[in-house]
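Below, each chain spelled out in residue letters.
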Amino acid sequence: MGKVRDLEYWSKLKSDILAVGILMAFAWFINSGIEIKGLYMDDLYLWSCYGEQSFFEYVFPIGGTRSRFVYYLAAWLQIALIGNHVSWFMFANILTNSLVAVTVYGMAKKLSRERLIGFLCGFLYLLSRMAYYQISQVWGLMETLALWLAIGILYLLYQYL
């Protein structure tokens, strides 16, 4: 019995890994035409603050009108990894957006108990043009994180009810 369960587990895991790989490849394919050639307004301000402020001033802006320390931490990490390569923001945003699609896949798979339905939900999320802003701007990271959190809250609310 133990070997049968192990085989079933690995078979399911392989299917999930394949689905995640296909979703990530599709995220790259559908969004690869988007380019960030330069920073403008809010994106430029965010990037310039990174160079002018310390870590704590950047993540916890004293006297600011907004409290976005989770986003500012994620933005600080993203800018620290990317540096001056403005075009690389698109790659990071596609990666985070594909992780949202994988989350949608996992949630829909669990709710429907069907991998195909979960995969289609993740695929349809990537197909929606709602994700365009999330990839084409540096501030798109905030949209992606907010959507990811909203999906998580929705799922946990569903489980609770």
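Residues numbered from 1 in each chain as written. Predicted model: local features only at pLDDT ≥ 70, side-chain atom pairs only at ≥ 80, totals over all residues. Heavy atoms only, no water.

Peer 1: How do you make sense of the overall build of the protein when you look at a structure like this?
Peer 2: Summing up its helical and strand segments, the protein has 8 helices and 0 strands in all. For the protein, the α and β elements follow one another from N to C terminus as α-α-α-α-α-α-α-α. Considering only C-alpha atoms, the protein reaches an extent of 60 × 35 × 30 Å along its principal axes. Across the 161 residues that make up the protein, the buried fraction comes to 32%. Considering only contacts in the protein between residues 6 or more positions apart, those separated by 24 or more positions represent 71%. Taken as a whole, the protein presents about 10,600 Å² of accessible surface, with 68% of it coming from carbon and sulfur. Across the protein, 12 positive and 10 negative side-chain charges occur, with their mean positions spaced 13 Å apart. (Helix = DSSP H or I, 4+ residues; strand = E, 2+ residues; numbered from the N terminus. Buried < 20%, exposed > 50% of the residue type's maximum accessible area, 1.4 Å probe, protein only. Contact = heavy atoms within 4.5 Å. Areas by Shrake-Rupley, 256 points an atom, 1.4 Å probe, with all protein chains shown as cover. Lys, Arg positive; Asp, Glu negative; His and termini not counted. Charge placed at Lys NZ, Arg CZ, Asp CG, Glu CD.)

Peer 1: Before we go on, may I ask you to explain the pattern of salt bridges in this structure?
Peer 2: Side-chain pairs of opposite charge can arise where the charged atoms are in close proximity. All chains considered together, the criterion is met by 2 salt bridges. Its salt-bridge partner being D16, residue K109 comes within 3.0 Å of it at the nearest N-O pair. Note that K109 is positioned in helix α5 (residues 88-112) and D16 in helix α1 (residues 2-31), a separation of 93 residues in sequence. Each of D16, K109 and R115 takes part in one network of salt bridges that share partners. (Salt bridge = Lys/Arg side-chain N within 4 Å of Asp/Glu carboxyl O.)

Peer 1: Quick question: what am I supposed to make of helix α8 (residues 140-160) here?
Peer 2: One turn of an α-helix holds 3.6 residues; hence residues three or four places apart share an orientation. Taking 1.5 Å per residue, 21 residues should reach 30 Å; α8 reaches 30 Å between its end C-alpha atoms and fits that length. Here α8 has its buried residues at G140, L141, T144, I151 and Y155. An end-on view of α8 places all buried positions within 110 degrees of arc, on one side of the element. With respect to the buried face of α8, the exposed residues turned more than 90 degrees away are L149, L156 and Y160. (Expected span 1.5 Å × (residues − 1). Arc of directions from axis to C-beta.)

Honestly, it's all geometry; don't read function into it.
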